[in-house]
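# Tertiary structure, described
Take a look at the letters that make up each chain.
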Amino acid sequence: MEWFFYALTFVMALGITSTAVYALYWSSKKGQLRDFDKGAASIFDEAEPIGKPTDFFPAKKKKQKKHHTAAAETRAP
Amino acid sequence: MSEQPSTPTIVASFKPGARADIAARAELSEIDASTRAPLMLFLVSAVLWLIVGTAFAIISSYKLHSPGFLGDIEWLTFGRARTAHLNAVIYGWATNAAVGVAFWLMARLSRSVVRHGGILLFAVALWNIGVTIGIIGILKGDSTSVEWLEMPTYATPLLFIAYALVGAWAVITFRYGKSKHIYVSQWYILAALFWFPWLYSVAQMMIIFAPARGTVQALVNWWFGHNVLGLWFTPIGLASVYYFLPKVLGKPIHSYYLSILGFWSLAIFYNWAGVHHLVGGPVPAWVITAGIAASFMMVVPVVVTGINHHLTMIGSFSALKYSPTLRFIVFGAVNYTLTSLIGSLMAARSVSETLHFTHFVVAHAHHGMYAFFTMVMFGAIYYILPRILLREWPNATLIRTHFWATAVGSMVYVVGLSIGGVVQGLMMNHTSPDGSVTYTVLQVVEATIPYLFSRSVAGILITVGHLAFAVNFFWMLSKKPVSQSSAPTLFRNPEEMELAAK
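Residues numbered from 1 in each chain as written. Chains lettered and ligands numbered in written order. Predicted model: local features only at pLDDT ≥ 70, side-chain atom pairs only at ≥ 80, totals over all residues. Heavy atoms only, no water.

### Looking at the confidence of the model for chain B
To keep it simple, the criterion reads: Values of pLDDT, the confidence the predictor places in each residue, fall between 0 and 100. Throughout, a contact is declared for two residues whenever any of their heavy atoms are within 4.5 Å.
In this model, chain B carries an average pLDDT of 88, and 90% of its residues clear a pLDDT of 70 or more. This stretch, residues 1-19 of chain B, has a pLDDT under 50; its non-local contacts, to residues over four places away or in other chains, come to 25 contacts.

In structure tokens, the structure reads:
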């Protein structure tokens, strides 16, 4: 029975390796490895754009506001 | 509204006038809502296991400098308590948290709602039943005694089925995703979801069900043991850093090119590195040399990732003051760089000669699993939970307590035990001019006691942090959703768009 498990693990190793090689080939073919600026920006959208922090301590509202509207606040009386 | 600046504020973003904005928010909200039930089950069980694991950790740590402690309770002897700790934190806390965070990220990044959430609910139930049976089995004395695979054979098939369900679910979500671009975090998560079942099933077959003979068994054991860290927890941890760091700052990652390079170099080199645990063992020398070479090649992905994380942070350190998530994530990212570089050095034959079989290795394992991975998971949970529950974290002081207690605690742990490990290694190797060993085993053990004691102190600090976290976590679950105006960590859309609240 031992030979069976060795054979099975060998086949699994080949399978894992070939999926990795295929994934690299696929990502290159689909243009995933081009236009890196777009890739980096893909986690942002209109609702959560670049330049807008998205996490704050609770009950620290003033701080958050200050961060966003620093320019506005200096103008305000 | 007199304060309305030119750049959009939170308030401006809520204005119903901005149509595209609301649509995008509604989509995110729908996705977050669909992850809610299974994710909460993953996170609640993770936090409960964290507390259980911490209790076993304190017991085992205390026993090492005061061996009489609970010494007459069979179920809590060191061999069982320590093993229960390892399995509770690895398979209970870390894996539950990792899967929960990973599939929330997958759903968000693929822009796909969770399909067949029932699969995940079933999987999380099965997984936790499996871990519970496994840990009771270990305490009962049924441990297999193979490191990282101690759970008895009557528990492991449940874990495997649960895991397979999660993997199948992730592939479905990915396939139905709307996002054209695959963000680097998705690469890490998808790869990890493929790698873990491979590692786990091969290790189970070749060690437990049809044990390989001789040193092959030890090789499989350490190939598995190290890869659980490198090919399962590390990718999930890095996926989280790559998402939360830029997302919290509102600033894209420093170099996306480097992030892709880091991923593929990790995929190529990490799998080979595990056998460095057997340096000096009765294993063919070429196997060890290959392992050492791979361990040093790991410097490539680590440095690349480190440069990327730290250059993204440069200029934004003030954000650490206002974001709880960022504190944990940055602490984790810095420790990822440190622990990985130390790990590569430890693989060198000359270094291993001194540090192998000492407390240094234990310190290193906690540096990676705790100061890096666990801290990143904490950060991720601080970000995710308000968004799926639409509630604020109840108490900022508890968050600060959690951060400082665990950050200081983990550093005391790592530094204290690392020094202890070096002292231990040097004493064990020390020979007198006539060639005999200078110190007796008892002398070496006695010399390490102060360092073991420092670990218990660190453990108490970490426990305080975990309790603060657990209190805040369950307090939050019992709270009602907050009104829109008092939700600083939430960027909410008009009430009617929030599906998660219903």
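On we go.
### Describing the nonpolar core
Here is a general trend for soluble globular proteins: nonpolar side chains tend to be buried in one another's company. Residues and elements named next belong to chain B. To keep it simple, the criterion reads: Among buried residues, those of type Ala, Val, Leu, Ile, Met, Phe, Trp, Tyr and Cys that are joined through side-chain atoms within 4.5 Å constitute a nonpolar core. Only protein chains enter the accessibility calculation, which uses a 1.4 Å probe; a residue whose area is less than 20% of its type maximum is buried, one above 50% is exposed, and one in between is partly exposed.
Formed by 155 residues in total, the largest nonpolar core has its most connected members in Trp93, Phe224, Trp232, Phe244 and Leu385. Each residue touching tryptophan 232, except ones within four places of it in the same chain, is listed here: Thr95, Ala98, Val99, Tyr163, Ala192, Leu193, Phe196 and Asn227. The next biggest cluster of nonpolar side chains, apart from the first, holds six residues, and it includes Ala363, Leu417, Leu452 and Ala458.

### Some thoughts on the layout of surface pockets
To keep it simple, the criterion reads: We place a 1 Å grid over just the protein atoms. Points where a 1.4 Å probe fits but has no way out form a cavity, open points with protein on both sides within 12 Å along at least 5 of 7 lines form a pocket, and any residue with an atom within 4 Å of a point lines it. Grid points are joined across faces, edges and corners, and a volume is the space filled by probe spheres set on the points. Secondary structure elements follow DSSP: runs of H or I of four or more residues count as helices, runs of E of two or more count as strands, with numbering from the N terminus. By the convention adopted, Pro, Cys, Tyr, Trp, Phe, Met, Ile, Leu, Val and Ala count as nonpolar, Lys, Arg, Asp and Glu as charged, and the other residues, Gly among them, as polar.
Counted as a void, the second largest pocket has a volume near 1,000 Å³. Lining the second largest pocket are 29 residues, and of these A:Ala13, B:Trp198, B:Trp223, B:Asn271 and B:Trp272 lie nearest its centre. The set of elements that each furnish at least two residues to the lining of the second largest pocket consists of helix 1 (2-29) of chain A together with helix 7 (184-209), helix 8 (215-249), helix 9 (256-273) and helix 10 (285-297) of chain B. In terms of residues, the lining of the second largest pocket owes the most to one element, helix 1 of chain A, which gives nine residues. Looking at the lining of the second largest pocket, its residues break down into 24 nonpolar, five polar and no charged.

### Here's the deal with the pattern of salt bridges
The condition is simple: Salt bridge, as applied in this entry: a Lys or Arg side-chain nitrogen positioned within 4 Å of an Asp or Glu carboxyl oxygen.
Under the criterion given, the structure shown has five salt bridges over all chains. Measuring nitrogen to oxygen at the nearest pair gives 2.7 Å for the salt bridge that ties B:Arg111 to A:Asp45. With one member in each of two chains, B:Arg111 in the loop between helix 4 (78-110) and helix 5 (117-140) and A:Asp45 in the loop between helix 2 (36-41) and helix 3 (61-68) form a pair that bridges those chains. With relative accessibility at 18%, the residue B:Arg111 sits in the buried group.

### Some remarks on helix 15 (residues 359-389) of chain B
In an α-helix there are 3.6 residues to a turn, and that puts residues three or four apart on one side. Residues and elements named next belong to chain B. Formally: Given a helix with a known number of residues, its expected span is that number minus one, times 1.5 Å. Bend at a given residue is defined as the angle between two axes, one fitted to the seven residues that end at that position and one fitted to the seven that begin there.
The first and last C-alpha atoms of helix 15 sit 42 Å apart over 31 residues, in line with the 45 Å expected at 1.5 Å per residue. At histidine 367, helix 15 shows its strongest bend, of approximately 30 degrees. Across the 31 residues of helix 15, 26 count as buried, placing the element largely inside the fold. Note on helix 15: the residue one or two positions beyond its end, leucine 390, has a positive phi of about 55 degrees.

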